[in-house]
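Structural description and commentary
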Amino acid sequence: MHARRVQVLSRHLDPLLASGARILDVGAGDGRLAARLASTRGDLRIRCVDMQMRSTTAFPVECYDGKRLPFEDDAFDAVLLIDVLHHASDPVALLAEAQRVARSVVLIKDHLLEGWLADFTLRFMDWVGNARHGIPLPFRYWPRDAWAEAFKGLHLGVRSWRSEIGLYPWPATLLFDRQLHFVAALEPIAREASIAR
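Here we summarise the structure given alongside this text. The structure presented is a predicted model; accordingly, all values stated were derived computationally and were not measured.

1. Brief notes about the environment of alanine 34
Here alanine 34 lies in helix 2 (residues 32-40). Alanine 34 gets classed as buried once you look at its relative accessible area, which sits at 1%. Along the chain, alanine 34 and valine 61 lie 27 residues apart, while their C-alpha atoms are 9.6 Å from each other. Apart from residues no more than four positions distant in its own chain, alanine 34 is found in contact with Asp25, Ile46, Cys48 and Phe59.

2. As for the nonpolar core
Formed by 33 residues in total, the largest nonpolar core has its most connected members in Leu13, Leu17, Ile23, Leu37, Ile46, Leu80 and Leu107. The set of elements that each furnish at least two residues to this core consists of helix 1 (2-13), helix 2, strand 2 (45-50), strand 4 (76-82), strand 5 (102-111), helix 4 (118-130) and strand 7 (181-188). In terms of residue count, the dominant contributor to this core is helix 1 (four residues). Sequence-distant contacts of leucine 17, defined by excluding residues within four places in its chain, comprise Ile23, Leu37, Arg41, Leu44, Ala78, Leu80 and Leu107. One finds Ile108, Ala150, Phe182 and Leu186 within the second-largest nonpolar core, a separate group that totals 30 residues.

3. With respect to helix 1
Helix length check: helix 1, at 12 residues, gives a terminal C-alpha distance of 16 Å against a target of 16 Å (1.5 Å per residue), a fit within 8%. Turning to helix 1, its buried residues number three or more, namely Val6, Val8, Leu9, Ser10, His12 and Leu13. Taken together, the buried residues of helix 1 touch helix 2, strand 4, strand 5, strand 6 (156-162) and strand 7.

4. Observations concerning unusual backbone geometry
Omega for the bond connecting tryptophan 170 with proline 171 falls within 30 degrees of zero, at 0°, which places this linkage in the cis form. Here proline 171 lies in the loop between strand 6 and helix 6 (172-176). Of note in the backbone geometry, aspartate 74 takes a positive phi value of approximately 55° without being a glycine. In this structure, histidine 155 is a non-glycine residue whose phi angle is positive, near 60°. Structurally, histidine 155 can be placed in the loop between helix 5 (144-153) and strand 6.

5. A short note on the state of the cysteines
Counted by the stated rule, this structure contains zero disulfides. Its sulfur unpaired, cysteine 48 is 13 Å from the next cysteine sulfur, which belongs to cysteine 63. Residue class for cysteine 48 comes out buried when judged on its relative accessible area of 0%.

Conventions and cut-offs
- Residues numbered from 1 in each chain as written.
- Predicted model: local features only at pLDDT ≥ 70, side-chain atom pairs only at ≥ 80, totals over all residues.
- Heavy atoms only, no water.
- Helix = DSSP H or I, 4+ residues; strand = E, 2+ residues; numbered from the N terminus.
- Buried < 20%, exposed > 50% of the residue type's maximum accessible area, 1.4 Å probe, protein only.
- Contact = heavy atoms within 4.5 Å.
- Core = buried A, V, L, I, M, F, W, Y, C linked by side-chain atoms within 4.5 Å.
- Expected span 1.5 Å × (residues − 1).
- Disulfide = S-S within 2.5 Å.

Below is the structure:
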């Protein structure tokens, strides 16, 4: 499943990344997504950070404290937060950090707490995928309106939003996709424009 996940996510992220972009992958885990993007998009310059280091990675991953990204403002063109925010102790603060170091776009893949048995299903998927790696599991999932509120509070506009991702093959897709996932591209909104709305 992990190999399929990497392939599907890279296919969704690829068109959202500008040519020659400097990319920061926050919470990169084993680095396989970064490695895939680097192999399919040789023009990208990718760095990876995570607060928990794995013994082996497919791409170099640097350690950081999980709170402040050790980079200057606008150091990257794009920041990736792939299934990271629902693990963070303060998701909004981490999203603000990503916004600070991203010059153009923040790309998120995360979960939606919507629909029948959504909480139970997301908890199960989270536990299966992450417990063995010692990743914190606060089981903090948001409905779409909570995501929208967080974006608005940080003056981030949604450039694109996709909730039909196709992470799982048939018939697992019936249980584990169900629009429980989304990929969003966020870009800064001028404060004057956001106040006018």
